[in-house]
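Close look at the chain arrangement
Here is how the chains run, residue by residue.
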Amino acid sequence: MTSNDFLSARPTPRRDLESSAAPTVSAGHDVGPAPVDLLRRLRARGAGDPVTHVERVPARVGVPAPWPAWAPPELRAAFARRGVVAPWQHQAEAATLAYDGGHVIVATGTASGKSLAYQLPALATLLADPRATVLYLAPTKALAADQLRAVAGLELEGVRPACYDGDTPRAEREWIRRHSRFVLTNPDMLHHGILPGHAQWSGFLRRLAYVVIDECHTYRGVFGSHVAHVLRRLRRQCARFGATPVFVLASATSGDPATAAGRLTGLPVTAVTEDASPRGGVTFALWEPPLLPPDSATPAVPAQAAGDHDATTDLVQVRRSALRETADLLADTVAEGVRTLAFVRSRKGAEVVAANARRALDDAVPGLGDRVAAYRGGYLREERRELERALLHGDLLGLASTNALELGVDLVGLDAVLICGYPGTRASLWQQAGRAGRSGQEALAVLVARDDPLDTYLVHHPEAIFGAPVEATVLDPANPYVLAPQLACAAVEAPLTPADLALFGDGAKEAIDQLVEAGALRQRPTGWYWRHRERPEVDLRGEGGAPVCVVESATGRLLGTVDGGSSHFLLHPGAVYLHQGISYVVDDLDLADGCALVHVEEPDWSTHARDVTDLSVVSVRSYVDAGPVGMFLGEVDVTSQVVSYQRRRIATGEVIDTRPLDLPTRELRTVAVWFTLSPRSLASAGVQQADVPGALHAAEHAAIGLLPLMATCDRWDIGGLSTALHPDTEAPTVFVYDGHPGGAGFSERAYGTASAWLRATRDAIAECGCETGCPSCVQSPKCGNGNNPLSKPDAIRVLDVVLENLPA
């Protein structure tokens, strides 16, 4: 249904929502209907009701506190000019803990004013001590830019806030090093620029009073483990200059924030978790796209648009694409004058949603599509800043964004948030939903389920979202694949000494010994010294290498960048690449130079890369012997290669052809969890020998899809392999492994929650209404084997055998 169809639709009363008159349509206006009315209209636009559950999150009254006695009058006056007449209780508590010299994390909900909790002690100290400095770290440039606007807007004399990141012109960097007292940056710039150049930053580091780590719940997995050591390197350099800064961390609501913050910083941290801020009510709907007719072809929006690396062969999509559904909902809300942010999991998906919404709006009201845009990583700085400005000033009514706008950016006045696919964790889900209603007004949040086992499970088990605690952040600083390169970086900055071993934690001495044996470090009486002229190349985000530049062949214009880990899938020769709604086709991918050449083209086909994977067991850390079933945790070697890609008709999903690719093999040593079953137990459960491969394959897919329910990951962080007879286990085996060198903690979490994880997996398969398997249960968008073979009934039997024998 287009926006034009929506404009003529009329709602019908629903039992679970109060009936009220239909709102007046106001296409292009910035004031829309109330959330309950808007949801009713959205639900009424189709033949069936796609909403499986509506949760009413009630409004909350704020609990203010007096200004701390140590807060200077000019700072209070500056906050008052911004409309802050008094802090909320949690802000005052966290600020006082930090001002008194304690390391603190404030872990409260979205829009609860966490920024004031660190701005208050930091700025008070800068005003009291004209030599003190503050370092602020954000995971994204957008968030740092937003905080710069907030601090600069206070107009405090002598603070001189400035952003120092990859977008900062070189002419400004020297001034910032010498004169700024409130530097806003990100972990990447701290790692690549500030710490290696610590001699130039000596004046700033010597006077460093506070280190602010914003949105610290995002530092998880391999990225979080790297950031943990970057922070230890920072502490080491500060100590060399005689400084011991206070660490103040801000986080979305998370499980055990004090422990996670302590693991991240290596320091004892006090948590403030009681949210005393007021909150507008939220109407939160779980939305399952409708089933397509049985004879319907694959939908027009290709699976790859949602970030799929390896698509399925001749897959019959049984539900309407979440991307198409989100695009239509975005068009409908914009047509209603509702300022809306749609979160999409992939860069390409954000482009597709924005393009489809623009097209639908222009069909309904010519020119209205101009008020919708896409926002994602990889854009040039000027494009990002203009989009942020346009949304803040109301020039844009709708934005389709990756999680680049999930974190902290104060988008005042948003009325609705659409979440295209479960974002992987409950923490991220609530963070994204909290972008709406930031000024205390009522808001609407809609989770649009993908055709995916986890999404399907969640929209039919709302208690797993609304009744479950937020996950704890998973990171492992002792990962040797993280620890060793970080110690190498530290040795470049200053020779390592025995006193540094405790700072870097468990495994540091072993990692140093390995670096000495490899010839990277030389041991002398005064410590361990870096032996090479070049610095080690360390990728903090675990994205598989340096970004690849996307360049238009005809003009030489830089369109954007793609991380190295995704380049084989998204920028292979012949791939279709989207940028701001314009389609390009890749002519050449030069991995050595990190450059992909593209030309403008609007083909009637999409591209889907395919890969092959092999796995071998290196060692076993732990195992459970449960008779016919074994559950294992250990190290594995994974070898993968993108070998071909399919071209498919956009209109029908028809496979045009499969074309070979010649790309290098990638090798990964990581951590995996796996289970084995005896052939006799499978036969006793009714699984025929010929059906064992399909049974294990289907169970593997569903297990990968449901693991994010247990760990802070999504299915793109993990991989899997199943086989009826693996040479290392000599038994039918299902492997699930972390997709990062050395592991990221996800397999350990799977091993520790194996019974609950596999029980949810079994339930998701059994409760799915399809007969033979579909994307909602056992088919995977990542499958390199074209989802063949698969056996849904036998997957249930396999998991029954595991659950009957495995200890709870």
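Before going into details, it helps to say that this report is about the structure given with it. Treat the numbers as computed from the prediction; the structure is a model and nothing was measured.

Calculation criteria
Residues numbered from 1 in each chain as written. Predicted model: local features only at pLDDT ≥ 70, side-chain atom pairs only at ≥ 80, totals over all residues. Heavy atoms only, no water. Core = buried A, V, L, I, M, F, W, Y, C linked by side-chain atoms within 4.5 Å. Buried < 20%, exposed > 50% of the residue type's maximum accessible area, 1.4 Å probe, protein only. Helix = DSSP H or I, 4+ residues; strand = E, 2+ residues; numbered from the N terminus. Contact = heavy atoms within 4.5 Å. Arc of directions from axis to C-beta. Expected span 1.5 Å × (residues − 1). Pairing = 2+ DSSP bridges. Axes fitted to C-alpha atoms, helices over the stretch in contact; angles between N-to-C directions. Parallel < 35°, antiparallel > 145°, perpendicular 65-115°, else oblique. Left-handed = near helix turned anticlockwise from the far one by under 90°. Nonpolar A, V, L, I, M, F, W, Y, C, P; charged D, E, K, R; others polar.

**Topic: the nonpolar core**
If you look at the biggest cluster of nonpolar residues, it comprises 118 residues, and the most contacted ones within it are F284, L330, L709, W757 and L758. Counting residues per element, this core draws most heavily on helix 23 (residues 692-706), which supplies nine residues. Sequence-distant contacts of L330, defined by excluding residues within four places in its chain, comprise T340, A342, V353, A357, V372, G398, L399, A400 and L418. Counting residues in hydrophobic clusters, the runner-up holds 39 residues, among them L75, L123, C163 and L184.

**Points about helix 3 (residues 73-81)**
Taken together, the buried positions of helix 3 are L75, A78 and F79. For helix 3, the angular spread of the buried residues around the axis is 95 degrees, confining them to a single face. Away from its buried face, by an angle of more than 90 degrees, helix 3 presents the exposed residues P73 and R81. Taken together, the buried residues of helix 3 touch helix 5 (114-128). Once helix 3 finishes, G83 follows within two positions and takes phi at roughly 95 degrees, a positive value.

**What to know about helix 10 (residues 221-240)**
Taking 1.5 Å per residue as the helical rise, helix 10 with its 20 residues ought to reach 28 Å, and the 29 Å between its terminal C-alpha atoms agrees with that figure. With 17 of 20 residues buried, helix 10 lies mostly within the body of the structure. Phi turns positive, to about 85 degrees, at G242, one or two residues after helix 10.

**Remarks on the pairing of strand 10 (residues 340-344)**
Of all five residues that make up strand 10, five are buried, and the element is covered over most of its length. Side chains T340, A342 and V344 of strand 10 all project onto a buried face; the interleaved residues L341 and F343 project onto the opposite face, where all are buried too. Bridge analysis of strand 10 against strand 12 (residues 398-401) gives four bridges, and the strand direction is parallel. Residue pairing for strand 12: L341 is matched across the bridge by L399. Pairing between strand 10 and strand 13 (residues 416-420): five bridges, direction parallel. Bridge pairing links A342 to L418 in strand 13.

**Re the sheet that holds strand 3 (residues 133-137)**
Read from one edge of the open sheet, seven strands run 4-5-3-6-7-2-8, paired in parallel fashion. Edge strands, defined here as strands with exactly one partner in the open sheet, are strand 4 (161-163) and strand 8 (270-272). Direction aside, neighbouring strands of the sheet carry axes that sit 20 degrees apart on average. Examined bridge by bridge, strand 3 and strand 5 (residues 182-185) share four bridges and lie parallel to one another. Each residue of the ladder has a partner; that of L135, found in strand 5, is V183.

**Description of the sheet that holds strand 20 (residues 582-590)**
Remark on secondary structure: sheet strands pair via backbone hydrogen bonds, oriented parallel or antiparallel. If you walk across this open sheet you meet the five strands as 18-17-21-20-19, and the pairing is mixed. Of all strands in the sheet, those with a lone pairing partner are strand 18 (558-562) and strand 19 (576-579), marking the two edges. With direction set aside, neighbouring strand axes in the sheet form an average angle of 35 degrees. Two strands pair when backbone bridges link them, and strand 17 (residues 548-552) and strand 18 are joined in this way by four bridges, in the antiparallel orientation. Bridged to V551 within strand 18 is L558. Helix 13 (residues 347-364) contacts strand 18 and strand 19 of the sheet and is inclined by roughly 65 degrees relative to strand 19.

**Some remarks on the packing of helix 23 against helix 25 (residues 754-767)**
Relative orientation of the contacting elements helix 23 and helix 25 amounts to 115 degrees, with a least axis distance of 9 Å. The orientation of helix 23 relative to helix 25 falls into the category roughly perpendicular. Judged by the sense of rotation from one axis to the other, the crossing of helix 23 with helix 25 is right-handed. Residues A699, A702, A703 and L706 of helix 23 form the contact with helix 25, whose participating residues are W757, L758, A760, T761, A764 and I765.

**Section: the packing of helix 25 against helix 26 (residues 792-805)**
The geometry of helix 25 relative to helix 26 is characterised by a closest axis approach of 10 Å and an angle of 155 degrees between their N-to-C directions. By the angle class used here, helix 25 and helix 26 are roughly antiparallel. Considering the relative orientation of helix 25 and helix 26, their crossing is left-handed. Here S755, L758, R759, T761, R762, I765 and A766 of helix 25 lie close against helix 26, whose contacting residues are K792, A795, I796, L799, D800, V802 and L803. Of the residues that constitute the contact of helix 25 with helix 26, the class distribution is eight nonpolar, two polar and four charged.

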